[in-house]
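Fold and contact review
Now for the letters of each chain:
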Amino acid sequence: MRWELREGERLVGTLTYEGSDMFWHACRFEPGPAWPEFAPLFDALNSATDRGDDDALHDADQAINAAGLVLDPGTGEPPVTDFLVSIEGEAAGVRFG
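Keep in mind that what you see is a predicted model, and the values were worked out from it rather than measured. (Residues numbered from 1 in each chain as written. Predicted model: local features only at pLDDT ≥ 70, side-chain atom pairs only at ≥ 80, totals over all residues. Heavy atoms only, no water.)

So, the sheet that holds strand β6 (residues 91-96)
Read across the sheet, six strands follow the order β4-β1-β2-β3-β6-β5 without closing on themselves; strand pairing throughout is antiparallel. Edge positions in the sheet fall to β4 (69-72) and β5 (83-88), since each of these pairs with one other strand and no more. Averaged over all pairs of adjacent strands, the angle between their axes in this sheet comes to 30°, without regard to strand direction. Both strand β1 (residues 2-7) and strand β2 (residues 10-21) contribute to a ladder of six bridges, which runs antiparallel. Residue pairing in the sheet places Arg6 in a bridge with Leu11 of β2. (Pairing = 2+ DSSP bridges. Helix = DSSP H or I, 4+ residues; strand = E, 2+ residues; numbered from the N terminus. Axes fitted to C-alpha atoms, helices over the stretch in contact; angles between N-to-C directions.)

Regarding unusual backbone geometry
Although it is not a glycine, Met22 adopts a positive phi angle of roughly 60°. When you line up the elements, Met22 lands in the loop between β2 and β3 (24-31).

Notes on the pattern of salt bridges
A complete count under the given rule lists six salt bridges for this structure. For Arg28, the salt bridge identified is with Glu30, shortest N-O distance 3.3 Å. Glu30 sits in the partly exposed class, given a relative accessible area of 32%. Its salt-bridge partner being Arg51, residue Asp53 comes within 3.3 Å of it at the nearest N-O pair. For Asp53, a relative accessible area of 29% corresponds to the partly exposed category. (Salt bridge = Lys/Arg side-chain N within 4 Å of Asp/Glu carboxyl O. Buried < 20%, exposed > 50% of the residue type's maximum accessible area, 1.4 Å probe, protein only.)

Encoded structure:
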């Protein structure tokens, strides 16, 4: 199972399912051409998580949501718009709403 993380027509990256842990799906992340523009959003999320800063974590999640990212399964199904995503290096986690 794979999803393309997109902002409009731009490919941010590809997430390839590797397993599940409770509500989260562990994925391998491959950056796309638009990744450099969106990487700072995920850097902020990771930094807030590492610091245990709940306010900054909330702000980082809101910024990612506001970016208009979708997960396109590439199967002809509509893109998924209700999800949380975390990306750090080649590792990603996805939780569907």
